[in-house]
Amino acid sequence: MIDTKKDFTAIAEDLGLFNPIVKGQVIPVRNCWHFYTSGDSVEVLYHDAGEFRDGMNRILPVVVRYEVAILAFVLMDTHLHFILYGSYDACNRFVHEYLRRTSIYLSLHSAARKSLKQIVVNYQPITDDKYLKSAICYVLRNPVAAGLPYNVWDYPWSSASLYFPSADSWTSPRWTLGIDNRIVNDNELRTLIKSRVKIDSEVRVVNRIILPSQYVAASIVEKLFRSHKAYNYFLNATREVDIESRGGSISHLTVPLCEMRDNRAFLLNEMFGVSNLRSLDMGQRVELARCMKRRYNCSIKQIAKMCGLVYNEVKDIL
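For every chain, the first residue of its written sequence is number 1, and the numbers climb from 1 along that sequence. In view of the model being predicted, local features appear only for residues whose pLDDT reaches at least 70, and side-chain atom pairs are presented and counted only at 80 or more, with totals across whole chains, interfaces and linings using the full set of residues. Note: side-chain values were computed over all heavy atoms of the structure, leaving out hydrogens and water.

(A) A look at the sheet that holds strand S3 (residues 80–86). A pair of strands counts as paired when DSSP detects no fewer than two bridges linking them. For helices the rule is a DSSP run of H or I covering at least 4 residues; for strands it is a run of E covering at least 2, with both sets numbered from the N terminus onward. The strand order S2-S3-S1-S4 describes an open sheet built from four strands, whose pairing is antiparallel. Either end of the sheet is taken by a strand with one partner, and the two such strands are strand S2 (68–75) and strand S4 (121–128). Sheet twist, expressed as the average angle between the axes of neighbouring strands with direction ignored, equals 20°. Alignment of strand S1 (residues 28–37) against S3, held across five bridges, turns out to be antiparallel. The residue bridging Phe35 from the neighbouring strand is Phe82, located in S3. Note on contacts: a residue pair qualifies if any of its non-hydrogen atoms lie within 4.5 Å across the two residues. Between N-to-C directions, angles span 0 to 180 degrees; the directions come from axes that are lines fitted to C-alpha atoms, helices contributing only their stretch in contact. Across the sheet, helix H1 (residues 8–15) touches S1 and S3, and the angle it forms with S1 is around 85°.

Structural data, given as structure tokens:
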């Protein structure tokens, strides 16, 4: 993991943090990447809060192995996003190692052997400061854009609460005041990260989650935005199309996948009197897919996957 304090000068030069802001002009940046997985390439990455918590705790033991800095991230039930600083090779290896360990975890805890074998990993190079700010805010806004019942800064499986937190007031997150934070010993740490990876620094934990402030370069992001005002402006002004147009569509659903599974179960019972998709023949699956498309605002790719259909075979008939 890059030591952002020790290497601050090099990072600041790459991100243009020393450059003056000139209205209407962008500042070139180097060595920044947006890595993300496709939301329709797997049915689920994290099944419940326990798996999300373990997913958060997997980040630190992986990132310490690579010369990268995490600027922002979000974990969603079907996909994930990381905004990273570092060489392409180091960032790419970090993301793939994280997914490899997630695949092992799923095979051990959910009997989902090789469930991530077909997962699609995409990336976008980030070349200017405006796009970097927009990409960070796009990532942090993902849960809200997906219709989840959170404010941006409240979603527990992302880095959103780390930037510009209020200090020493009743609205302050407890972890910013050091309340409930504690340093874990080696045995507790191995239990949390489910790994024997050696981590040299002290590790602070709150509510069984390794504090993301220990591996997210929040201070660099704050220097990038320079003020609360600019950060809030980009949070509100960033549009999904601004990000998606740079490198192809980034999948996001207006109906969260967990709700889609519930909707599918309801329709299976309502339409066919069954609880298992495997009970349906192909004609019934197409009928189910058409019903889901009429009732719910979902992508055809995701509906096809939810109904056990091959997208290329049914995209023209749904």
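(B) Main features of the packing of H1 against helix H6 (residues 218–225). Interaxial distance between H1 and H6 falls to 11 Å at its minimum, and their mutual angle equals 40°. Compared by their axis directions, H1 and H6 come out oblique. Helix-helix and strand crossings are classified by hand; for H1 and H6 the assignment is right-handed. Between H1 and H6, the contacting residues are Phe8, Ile11 and Leu15 on the first element and Ile220, Lys223 and Leu224 on the second. Roughly parallel covers angles under 35 degrees, roughly antiparallel covers those over 145, roughly perpendicular covers 65 to 115, and oblique covers all other angles. A crossing counts as left-handed when the near helix is turned anticlockwise from the far one by less than a right angle, and as right-handed when that turn is clockwise.

(C) Structural context of empty space enclosed by the protein. Site definitions follow a grid-based scheme: protein atoms alone, a 1 Å grid, a 1.4 Å probe that fits but cannot get out for cavities, and for pockets an open set with protein on both sides within 12 Å along at least five of seven lines, plus lining residues having an atom within 4 Å of a point. Grid points are joined across faces, edges and corners, and a volume is the space filled by probe spheres set on the points. One pass over the structure, following the stated rule, counts one cavity of 30 Å³ or more. As for the largest cavity, its lining consists of Leu15, Gly16, Leu17, Ile21, Ile27, Asp129, Lys133, Lys223, Leu224 and Arg226. Elements represented by at least two residues in the lining of the largest cavity include exactly helix H4 (129–145) and H6. Charged residues are taken to be Asp, Glu, Lys and Arg, nonpolar residues to be Ala, Val, Leu, Ile, Met, Phe, Trp, Tyr, Cys and Pro, and polar residues to be all remaining types, Gly included. Split by residue class, the lining of the largest cavity holds five nonpolar, one polar and four charged.

(D) Seen up close, the packing of H4 against H6. It is at 11 Å that the axes of H4 and H6 come closest, and there the two elements cross at 125°. By the criterion of interaxial angle, the relationship of H4 to H6 is oblique. Helix-helix and strand crossings are classified by hand; for H4 and H6 the assignment is left-handed. Between H4, through Asp129, Leu132, Lys133, Ile136 and Cys137, and H6, the contact on the second element is made entirely by Val221, Leu224 and Phe225. Across the contact of H4 with H6, the residue classes tally to six nonpolar, no polar and two charged.

Interpretation note: all reported values are geometric properties and have no functional meaning in isolation.
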